[in-house]
Amino acid sequence: MIVDVNAYLGHFAFRRLRHNTAAALLALMDAKKIDRAVVSSAGAITYRNTQAGNEEVAEEVRGHSDRLIPFAVINPFYAGWQDDLQICHEEFGMTGLRLYPKWHNYQLSSPCSRELVDATTERGMVISIPIRVEDNRQRSWLLNVPDVPLEETVELVKAHPRARFILLNGIGYTGCPLGRKDNGLPSNYAIELSRLSAVLANELGQLITNLGAERVMFGTGMPFNYPDPALVKLEVLDASEADKEKIRSQNAITWLRL
Amino acid sequence: MTILQTTLDSPQSQVRVSRRMLLRSSAAVVLGGIALPSARGVAVGQSAPVMSSGPQPKGKVIDCHAHLNHHSRSTWEADDRKLIEAADKLGIDQLCCSTLTPHWPATLDGFRECNQWTADGMRRFPGRVLGYCYVNPGYGREALEEIRRCVEEREFIGIKLYNEYTCTEPVVFPIVELAIELGVPILHHASHSHYFVEDQPHMSDGGHLAELARRYPEAMLICAHISGGGDWEWTIKALRHAPNVLLDTSGSVTDEGMVDTAAAVVGVDRLVFGCDSSMTAGVGKIRGANLSTQDKEKILGGNMMRLLRRRKS
């Protein structure tokens, strides 16, 4: 079984996405033998009111709950986020969040953000943070959104030891405490592999050595990305089949209580 | 990993076995089930003809954009070996490599030294590493002499130009004219961002390469890493009407639809597979593209082979 913790539905403001409806994404998943995927709204990355994107995703995944696992996008500085969180969790059955602090222009260390993390944790939901949405060098002339500095996520995981975080679309973890052995951080975060190297520098292998295979999860970033590069990483990864199985699905099943 | 260690550290007989195993178990899978011929590029340690002459087996997988490591890097030798190991794992037969200076603009001694190391790499990994001669066009006659020496005496397969000059500047023209004379391609660093890239003020983009291609329609130009971070949709559209510019698919960006869009706009005959050190990204993009096996074979190596066969010396 393969579980992708990094997938999306809907439109992105700056580039046409294909395979971005539930039906089309499921067809792509079938073609790539990906069984289940965590999805959130691509539109909510740039919507002012992210709840509109959450509603679109809830509608889109209806009837596909066996394969598509919806996550909410919440901006803790937007009016009514507490209501949105409740609706997403209780009505839409969303079991996690995706946060975009740079796109939504807030600090992960801000009181509002901390309040959202605490409220999400109280609900037993997972918080995933895409470190980037797209390569900054291809950005639109309209904006300049930096990646989330990994140092800010270090402080976040330290400040919320009971919360559970999945870091998406990141790279360079071994250059900061997040990816180092015996780093003194709570083991409350997992790292998704879509941008990690699996050969040459082999950051993926280093993370397995340093943190354990239990802390690495499979993800593709589809339909922003071709799913194949992530699948290729798993194929060439120098790891035991047991460890690969953890990365492929078992860790996500445990964390997401699938 | 056992197989890789064997590939690099064992006698040739074991090398051949290992490589066959890899090709059966890895490449056919990794490259999306594309049938790879049995007569592959030569494994590490074997002597072999370089790409400059003679017929080449159909269906080779050629990374058109790779780099060997500068020797100021303490781990350069191990890192070069890792590149070949990665190519083994991913079913890549040959890598077209340049060695770049760590600082730009490159000095005369700097690029000569790099080209010497590239030549050394071709000897260390015969048949696997093909060399691009890297020069700074600002050195005029010396740059031209270096290219001629590398291509005619050292069997380099092409020229690598970086960001010292925008490719439409007249100082670059003699390089292009020599490339035409020798019948070798130029791989040109390029990117297009919608902001000024301060650390690369002379960056070329697809538009510049299209302009150069119009000036020299007989030149064989390769626009480097169309998924190397800039706006790849812009680059592809800028190159639509430049038939003598090929687009190198390398780069770390794995945006869904990139290869498909390039194929639709410029045609598969103008796409060449590359990684530029983003190995799984490079292979994965081609595997993910919704193209026929025949079209993928062209991109993976057929188109590059076609360019290399046009060599005149």
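Analysis parameters
Within any chain, residue numbers begin from 1 and follow the written order of that chain's sequence. Chain A is the first chain written and ligand 1 is the first ligand written, with later ones labelled in order. Restriction of local features to residues with pLDDT of at least 70 applies here, the model being predicted, together with a cutoff of 80 or more for giving and counting side-chain atom pairs; totals for whole chains, interfaces and linings are based on all residues. Each helix is a run of DSSP H or I of at least 4 residues and each strand a run of E of at least 2, with the numbering of both proceeding from the N terminus. Think of it as a crowd count around each C-beta: if 20 or more other C-beta atoms lie within 10 Å the residue is buried, if 12 or fewer it is exposed, and in between it is partly exposed, with C-beta placed from the backbone throughout. C-beta atoms are first placed from the backbone for all residues, and any pair lying within 7 Å is then listed as a contact. Just so you know the grouping, Ala, Val, Leu, Ile, Met, Phe, Trp, Tyr, Cys and Pro go in nonpolar, Asp, Glu, Lys and Arg go in charged, and all remaining residues, Gly too, go in polar. One bridge is not enough; two strands pair if DSSP finds at least two bridges between them. Orientation is described by axes fitted as lines to C-alpha atoms, over the contacting stretch for helices, and by angles from 0 to 180 degrees between their N-to-C directions. By the criterion used throughout, a crossover qualifies as right-handed when its path from the first strand across the helix to the second strand runs clockwise, the strands pointing away from the viewer. Here, the arc refers to the directions that run from the helix axis to the C-beta atoms.

Some words on the overall build of chain A
A count of helices and strands for chain A gives eight helices and nine strands. Structurally, chain A occupies a C-alpha span of about 45 × 40 × 40 Å along its principal axes. Expressed as a percentage of the 258 residues in chain A, the buried residues total 53%. When contacts within chain A are restricted to residue pairs at least 6 apart in sequence, those whose partners lie at least 24 apart make up 74%.

Re the interface of chain B and chain A
Every contact between the two is made by 29 residues of chain B and, on the other side, 24 residues of chain A. Sorting the residues of the side of chain B that touches chain A by element identifies α2 (12-30), α3 (76-90) and α10 (279-288) of chain B as the ones contributing at least two each. Per-class residue counts for the side of chain B that touches chain A are eleven nonpolar, eleven polar and seven charged.

Considering the sheet that holds strand β6 (residues 221-223) of chain B
Residue and element names in this part refer to chain B. Across the sheet, which stays open at both edges, the eight strands sit in the order β1-β2-β3-β4-β5-β6-β7-β8 with parallel pairing between neighbours. A single partner strand is all that each edge strand has here, and the edge strands are β1 (62-67) and β8 (271-272). Where strand β4 (residues 158-161) and strand β5 (residues 186-188) come together, three bridges link them in parallel fashion. Bridge assignment links Leu161 to a residue of β5, and that residue is His188.

Here's the deal with the sheet that holds strand β2 (residues 36-41) of chain A
All names here are of chain A. What the three strands build is an open sheet, ordered β1-β2-β3; its pairing is parallel. Looking at which strands have only one partner, the edges of the open sheet turn out to be β1 (3-9) and β3 (68-70). For this sheet the average axis-to-axis angle between neighbouring strands, irrespective of direction, equals 35 degrees. Examined bridge by bridge, β2 and β3 share three bridges and lie parallel to one another. The partner of Val38 across the bridge, within β3, is Ile69. Taken strand by strand, helix α1 (residues 22-32) contacts β1, β2 and β3, and its axis lies near 145 degrees from that of β1. Lying over the sheet, helix α2 (residues 50-61) contacts β1, β2 and β3, oriented at roughly 145 degrees with respect to β2.

Points about the pairing of strand β3 (residues 129-134) of chain B
All names here are of chain B. The element β3 is largely enclosed, with a buried count of six among its six residues. Every second residue of β3 is oriented toward a common face, with Val129, Gly131 and Cys133 on one face and Leu130, Tyr132 and Tyr134 on the other, all of them buried. Pairing between strand β2 (residues 94-98) and β3: three bridges, direction parallel. By the bridge assignment for β3, Leu95 is matched with Val129. Each parallel crossover has a hand, and for β2 linked through helix α4 (residues 108-124) to β3 it is right-handed. Here three bridges tie β3 to β4, and the two strands are oriented parallel to one another. Opposite Cys133, over in β4, you have Ile159 as the bridge partner. Once the chain exits β3 it traverses helix α5 (residues 140-154) before rejoining the sheet at β4, and the crossover so formed is right-handed.

Focus on the pairing of strand β6 (residues 126-130) of chain A
Residues and elements named next belong to chain A. Counting buried residues along β6, five of its five residues qualify, which places the element largely inside the surrounding structure. Burial of the side chains of β6 extends over both faces: Val126, Ser128 and Pro130 are buried on one face and Ile127 and Ile129 on the other. In the sheet, strand β5 (residues 96-98) pairs with β6 via three bridges, with the strands oriented parallel. Residue pairing for β6: Leu97 is matched across the bridge by Ile127. Handedness of the crossover joining β5 and β6 through helix α4 (residues 111-122) is recorded here as right-handed. Relative to strand β7 (residues 165-168), β6 runs parallel, the two sharing four bridges. By the bridge assignment for β7, Ser128 is matched with Ile166. The β-α-β motif built from β6, the intervening helix α5 (residues 150-159) and the parallel element β7 has right-handed crossover chirality.

Considerations on helix α6 (residues 203-211) of chain A
Residue and element names in this part refer to chain A. Within α6, the full set of buried residues consists of Glu203, Leu204, Leu207, Ile208 and Leu211. Relative to the axis of α6, the buried residues are bounded by an arc of 145 degrees and lie together on one face. Buried-residue contacts for α6 involve β8 (189-192), β9 (216-217), α7 (228-236) and α8 (241-256).

Brief notes about helix α9 (residues 258-266) of chain B
Residues and elements named next belong to chain B. When we look at burial in α9, the residues that qualify are Met258, Val259, Ala262, Ala263 and Val266. Along the axis of α9, the buried residues cluster in a sector spanning 135 degrees; they form a single face. Those residues of α9 hidden inside the fold are in contact with α8 (232-238), β7 (245-248), β8, α10 and α11 (293-308). In the stretch just after α9, Gly267 is the one whose phi turns positive, near 95 degrees.

Some details on the environment of Lys285 of chain B
Topologically, Lys285 of chain B is positioned in helix α10. On the basis of neighbour count, Lys285 of chain B is assigned to the buried category, with 30 C-beta atoms found within 10 Å. In this structure the C-alpha to C-alpha distance between Lys285 of chain B and Ser227 of chain B, which are 58 residues apart in sequence, comes to 9.9 Å. Residues in contact with Lys285 of chain B, not counting those within four places in the same chain, are Tyr226 and Pro229 of chain A together with Ser227, Thr249, Thr254, Met258 and Val259 of chain B.

Some thoughts on the environment of Arg154 of chain B
All names here are of chain B. Note that Arg154 resides in helix α5. Residue classification places Arg154 among the partly exposed positions, given that 17 C-beta atoms sit within 10 Å. Each C-alpha atom, one on Arg154 and one on Leu247, is 26 Å from the other, the two residues being 93 residues apart in sequence. Setting aside residues no more than four positions away along its own chain, Arg154 makes contact with Ala119, Gly131 and Arg149.

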